[in-house]
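Okay, here's what each chain looks like letter by letter:
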Amino acid sequence: MCLLRVVNVNRPVLTNDVVFVNYDDFVKLGDETYLRVLASDKKWDEISKSYFYFIVNKLRALGLLIDNALSFKVLLPYKPSHSGLSVTEGIAFVTQDKKLIYYNAENETYKCGVCPVNSECLLGVKSLAKEMEVKIRNEELDTAWLSVIESVKSQVMSNLRFLRAKADLEEVKVKAVEYAKERL
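Draft legend 1. Local environment of the overall build of the chain. Broken down by element type, the chain carries 6 helices and 8 strands. The secondary structure elements of the chain, listed N-terminal to C-terminal, are β-β-α-α-α-β-β-β-β-β-β-α-α-α. For 184 residues, the compact-globule estimate of 2.2 N^0.38 gives 16 Å, and the chain sits close to it at 18 Å. Its C-alpha atoms put the chain at 55 × 40 × 35 Å along the principal axes. Classification of the 184 residues of the chain by burial places 36% in the buried group. Pairs at least 24 residues apart make up 62% of the contacts formed inside the chain by residues separated by at least 6 positions. Across the chain, the 26 positively charged side chains and the 25 negatively charged ones have centroids separated by 4 Å.

Okay, here's the thing in structure tokens:
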């Protein structure tokens, strides 16, 4: 089971960077409105101007937009834990033909076999595999996605030069104090 969304990108793409975002924020990006705002700098009729710019500001705070352009080629979600970070089974990426493909394996919106986006799913996994030069080793789409995502994660981790983290350190202090109070 998964959630797949594909939208056309009208924004310029500044870099070929890989950006890691917290899984909770990645889930929010699966919302069609968030993805459309991420992919396009033009407001459409179904959304108010204030909500459009509210989302733009959220996307800028996540480091996904710089000025009016996308700041990534590949987006990977992570979950923090006491022992470190784990990259989850999801990905968002911009294809060479300017499509933003969002795939979240942990979402239960679509189920293979009765999926209404089967053809988009096949094109998406093939695009990712081709552009990242990864072989698809499975005929079942959900397994193929997971295999390709694992290969992409492996490529990214083996070529990682540095990782910069943006964190609100004041919030960390507040959470530490709250945690200490709970233990008393």
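Read on for the rest.
Draft legend 2. Inspection of the pattern of salt bridges at higher detail. The full count for this structure, using the stated rule, is 5 salt bridges. Notably, a salt bridge pairs Asp41 with Lys42, separated by 3.6 Å at the nearest N-O pair. Assessed through its relative accessible area of 24%, Asp41 is described here as partly exposed. Exposure remark for Lys42: the relative accessible area of 55% places this residue in the exposed category.

Draft legend 3. Geometry of helix α2 (residues 32-39). Among the residues of α2, those classed as buried are Tyr34, Leu35, Val37, Leu38 and Ala39. In this fold, the buried residues of α2 make contact with β1 (3-8), α1 (23-29), α3 (49-61), β3 (65-66), β4 (69-70) and β8 (99-104).

Draft legend 4. Representation of the environment of Thr109. Looking at the secondary structure, you find Thr109 in the loop between β8 and α4 (118-131). Once the C-alpha coordinates of Thr109 and Leu59 are considered, the two residues, 50 residues apart in sequence, prove to be 23 Å apart. Not counting residues up to four positions away in its chain, the partners in contact with Thr109 are Cys2 and Leu3. A polar side-chain atom of Thr109 sits 2.4 Å from a polar atom in the side chain of Asn107.

Draft legend 5. Fine view of the environment of Leu64. Assignment of secondary structure puts Leu64 in the loop between α3 and β3. When the C-alpha positions of Leu64 and Leu75 are compared, they lie 8.8 Å apart, and in sequence the two are 11 residues distant. Residues contacting Leu64, with those up to four places away along its chain left out, are Val19, Val21, Leu29, Leu38, Leu59, Ala69, Leu70, Ser71, Phe72 and Leu75.

Draft legend 6. Up close: the nonpolar core. Core analysis: the largest hydrophobic core is formed by 53 residues, its most contacted members being Leu38, Leu64, Phe72, Leu75, Ile91, Leu100 and Trp145. Sequence-distant contacts of Leu75, that is, excluding residues within four places in its chain, are made with Val19, Val21, Phe26, Leu29, Leu64, Ile91 and Ala92.

Draft legend 7. Summary view of a nonpolar patch on the surface. A surface patch of nonpolar side chains, amounting to about 400 Å² of accessible area, comprises Leu85, Met157, Leu160 and Leu163. Position of Leu163 relative to the elements: it lies in the loop between α5 (141-158) and α6 (169-183).

Draft legend 8. Geometry of the packing of α4 against α5. Across the interface, α4 lies against α5 with an axial gap of 10 Å and an inter-helix angle of 25 degrees. In this view, α4 runs roughly parallel relative to α5, as classed from their interaxial angle. Relative to α5, α4 is oriented so that their crossing is left-handed. Residues Asn118, Cys121, Leu122, Gly124, Val125, Leu128 and Ala129 of α4 lie in contact with α5, whose contacting residues are Leu141, Ala144, Trp145, Val148 and Val152.

Draft legend 9. Quick peek at the packing of aromatic side chains. Enumeration over the complete set of coordinates arrives at 5 aromatic pairs. For the pair Phe26 and Tyr102, a centre-to-centre distance of 4.6 Å together with 25 degrees between the ring planes defines the contact as stacked. Here Tyr102 lies in strand β8 and Phe26 lies in helix α1, a separation of 76 residues in the sequence. There is no split in this pair, since Phe26 and Tyr102 are both buried. Centroid distance Tyr51 to Phe54: 6.1 Å. Interplanar angle 15 degrees. Geometry classified as stacked. Of the two residues, Tyr51 and Phe54 are both situated in helix α3; the distance of 3 residues between them amounts to about one turn of the helix. Under the relative-accessibility criterion, Tyr51 is labelled partly exposed at 35%. Judged by its relative accessible area of 41%, Phe54 falls in the partly exposed class. Across from the ring centre of Trp44, 4.0 Å away, lies the NZ or CZ of Arg36, which sits over that ring. Its end group placed over the ring of Tyr23, Lys79 keeps NZ or CZ at 4.4 Å from the ring centre.

Cut-offs used in this document
Residues numbered from 1 in each chain as written. Predicted model: local features only at pLDDT ≥ 70, side-chain atom pairs only at ≥ 80, totals over all residues. Heavy atoms only, no water. Helix = DSSP H or I, 4+ residues; strand = E, 2+ residues; numbered from the N terminus. Rg over C-alpha atoms; globule rule 2.2 N^0.38 Å. Buried < 20%, exposed > 50% of the residue type's maximum accessible area, 1.4 Å probe, protein only. Contact = heavy atoms within 4.5 Å. Lys, Arg positive; Asp, Glu negative; His and termini not counted. Charge placed at Lys NZ, Arg CZ, Asp CG, Glu CD. Salt bridge = Lys/Arg side-chain N within 4 Å of Asp/Glu carboxyl O. Polar contact = N/O pair within 3.5 Å; in protein donor to acceptor, adjacent residues only side chain to side chain. Core = buried A, V, L, I, M, F, W, Y, C linked by side-chain atoms within 4.5 Å. Patch = residues over 30% accessible without salt bridge, like charges linked within 9 Å, V, L, I, M, F, W, Y side chains within 5 Å. Areas by Shrake-Rupley, 256 points an atom, 1.4 Å probe, with all protein chains shown as cover. Axes fitted to C-alpha atoms, helices over the stretch in contact; angles between N-to-C directions. Parallel < 35°, antiparallel > 145°, perpendicular 65-115°, else oblique. Left-handed = near helix turned anticlockwise from the far one by under 90°. Phe/Tyr/Trp six-rings, centres within 6.5 Å; stacked < 30°, edge-to-face > 60°. Lys NZ or Arg CZ within 6 Å of the ring centre and 35° of its normal.

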